[in-house]
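# Breakdown of the fold
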Amino acid sequence: MIDNHAKDQLVAAITGEPDQPFEREPLERAPHIARTRAFVKAQDGCDNACTFCITTVARGHGRSRPLTEIIAEINDLRAAGYLEAVLTGVHLGSYGHDHGDARGLHNLVRAILSDTDMPRVRLSSLEPWDLTPDFFDLWTSPPAADSRLLPHLHLPLQSGSDRTLKRMLRHTTQADFRALLAAARARLPDPCITSDVIVGFPGETDADFADSRAFIDDMAFAGLHVFRYSQRPGTAAARMRNHVPEDVKKARSAIMIAVGEAGANAYAARQVGTVRPVMWEHVAGASADGFLNVGYTDNYIRVTCTHPRALTGSIFPTRLEAYDPALQQMRGAIASEVLA
């Protein structure tokens, strides 16, 4: 097993031979290569039993890493120059539950904000039933009020139909999910909330799909990942009756993708004219006008900016000037006095 910190020594670890000079040269240059976003795995495994998913069989029950170990990793990443830590896990919202801590993720986030100086902390996918309204107080009460905890939530719904959700064994309903989003939006100013949806789940009728589409449209997600149901041997859904024909799944997928794109475009359009912190991640090209810098806002909108300087590895307040739906990115500009 080679962990992320030791990946630069992968070849030497496997072969038992020391690196040759020409192999060390890229590593010796590493301090000059900006590092921006790091993924920090907080837990593995899943205790859910969604009927379409084989993850519990493949990964086993949920297992949380020690909090002190996660804090130490984030501090090491910050020392290495990273600007953003993304907390990940197969079932991230269950962090600490295996140790009897029902507020495990809440406590972990507070510890990260208190005991590290990572400039940006982002949460990856969270099952909606793992969250209670007071979870969103993390964004409004110290120490999270310093804006390091980013206003971006990915809450996988999988279907907007109560009938389908029940057959999926998803522990939420339209009413529960609506209340959760209302709580999030009441505490965070226009957060970026995205989701996942599966179309063509076994037994999904035209009426079920219409119900799901209407509800998801009403939730006004800032982005949507759309999947056509795919049969997984060993899952309960694979044994269900009334599997949906592929051509119907394709048609429903196209409709739901359009719903997601409309929501993403509407959310991005609301950001035009605002000033948001952008973490500049890489340079995608150059022209006579300067470098084409690419980065992401705190609420995870992709931004490009042509500037005389390469901005990689920095965070600057940036005015969002125009959004291109075809490229799904924003054009931004940094005030000259900021870089003076």
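Below or above, wherever it landed, is the structure these notes cover. (Residues numbered from 1 in each chain as written. Predicted model: local features only at pLDDT ≥ 70, side-chain atom pairs only at ≥ 80, totals over all residues. Heavy atoms only, no water.)

Across its full length, the chain carries 9 helices and 12 strands. Taken against the 2.2 N^0.38 rule, which gives 20 Å for 340 residues, the C-alpha radius of gyration of the chain at 22 Å falls within 12% of a compact globule. Taking the principal axes of the C-alpha coordinates as reference, the chain spans close to 60 × 50 × 40 Å. A buried classification covers 46% of the 340 residues belonging to the chain. Look at the contacts in the chain between residues 6 or more apart in sequence, and 71% of them connect residues 24 or more apart. Of the roughly 16,600 Å² of accessible surface on the chain, a fraction of 55% belongs to carbon and sulfur atoms. Charged side chains in the chain number 36 positive and 41 negative. The centres of these two groups are separated by 4 Å. (Helix = DSSP H or I, 4+ residues; strand = E, 2+ residues; numbered from the N terminus. Rg over C-alpha atoms; globule rule 2.2 N^0.38 Å. Buried < 20%, exposed > 50% of the residue type's maximum accessible area, 1.4 Å probe, protein only. Contact = heavy atoms within 4.5 Å. Areas by Shrake-Rupley, 256 points an atom, 1.4 Å probe, with all protein chains shown as cover. Lys, Arg positive; Asp, Glu negative; His and termini not counted. Charge placed at Lys NZ, Arg CZ, Asp CG, Glu CD.)

All right, on to the side chain of S159 then. As for its position among the elements, S159 is in the loop between β5 (152-154) and α6 (162-168). Overall, S159 belongs to the buried group, its relative accessible area being 0%. Once you skip the residues sitting within four places of it in the chain, S159 turns out to touch T164, L165, M168, V197 and S212.

Overall, mixed pairing links the 5 strands, which are arranged β8-β9-β10-β12-β11 in a closed barrel. Neighbour to neighbour, the strand axes of the sheet diverge by 45° on average, direction disregarded. Strand direction decides the pairing type here: strand β10 (residues 302-307) and strand β12 (residues 329-333), joined by 2 bridges, are parallel. The residue bridging T304 from the neighbouring strand is R331, located in β12. Taken strand by strand, helix α9 (residues 246-271) contacts β8 (275-287), β11 (314-324) and β12, and its axis lies near 120° from that of β11. (Pairing = 2+ DSSP bridges. Axes fitted to C-alpha atoms, helices over the stretch in contact; angles between N-to-C directions.)

Moving on, we come to the nonpolar core. One finds L87, L105, L126, F135, F136, W139 and L155 to be the most contacted residues of the largest nonpolar core, which totals 50 residues. Discounting residues that sit within four places of it in the chain, F136 has contacts with L131, L153, L180, A183, A184, R187 and L188. Grouped together as the second largest cluster of nonpolar side chains are 15 residues, W280, I301, C305 and L311 included. (Core = buried A, V, L, I, M, F, W, Y, C linked by side-chain atoms within 4.5 Å.)

Following the criterion strictly, the structure yields 20 salt bridges and no others. One salt bridge in this structure joins D298 and R276, with 2.8 Å as the shortest N-O distance. Here D298, found in the loop between β9 (290-297) and β10, pairs with R276, found in strand β8; they are 22 residues apart in sequence, far enough to count as distant. On the basis of relative accessibility, which here comes to 10%, the residue D298 falls in the buried class. Residues participating in the shared-partner salt-bridge network are R37, E84, R120, R122 and E281. (Salt bridge = Lys/Arg side-chain N within 4 Å of Asp/Glu carboxyl O.)

Looking now at unusual backbone geometry. Phi is positive for N242, close to 60°, though the residue is something other than glycine. Tracing the backbone through its elements, the reader meets N242 in the loop between β7 (223-228) and α9. We classify N242 as exposed; its relative accessible area is 62%.

With respect to the helices, strands and loops of the structure, R148 is situated in the loop between β4 (120-123) and β5. Separated by 2.3 Å, the side chain of R148 and the backbone oxygen of L113 make a polar contact. Discounting residues that sit within four places of it in the chain, R148 has contacts with I112, L113, S114, T116, D117, M118, P119, R120 and V121. (Polar contact = N/O pair within 3.5 Å; in protein donor to acceptor, adjacent residues only side chain to side chain.)

In this section: the state of the cysteines. As enumerated under the stated definition, the model contains 0 disulfides in all. In this structure C53 is not part of a disulfide, and its nearest cysteine sulfur, from C50, lies 6.2 Å away. (Disulfide = S-S within 2.5 Å.)

Right, let's talk about helix α7 (residues 174-187) for a bit. End to end, α7 covers 20 Å across 14 residues, agreeing with the expected 20 Å (1.5 Å per residue, within 8%). Turning to α7, its buried residues are Q174, F177, L180, L181, A183 and A184. (Expected span 1.5 Å × (residues − 1).)

Our next topic: the packing of aromatic side chains. For the structure shown, the criterion picks out 8 aromatic pairs. Taken together, a centroid distance of 6.5 Å and an interplanar angle of 85° make the contact between F52 and F201 edge-to-face. Of this pair, F52 sits in the loop between β1 (37-44) and α3 (55-59) while F201 sits in the loop between β6 (192-199) and α8 (206-219); the two residues are 149 residues apart in sequence, bridging distant segments of the chain. When the centroid spacing of 5.5 Å and the interplanar angle of 80° are considered together, the rings of F201 and Y229 count as edge-to-face. Of this pair, F201 sits in the loop between β6 and α8 while Y229 sits in the loop between β7 and α9, and the two are 28 residues apart along the sequence. (Phe/Tyr/Trp six-rings, centres within 6.5 Å; stacked < 30°, edge-to-face > 60°.)

Purely geometric numbers; function is a separate question.
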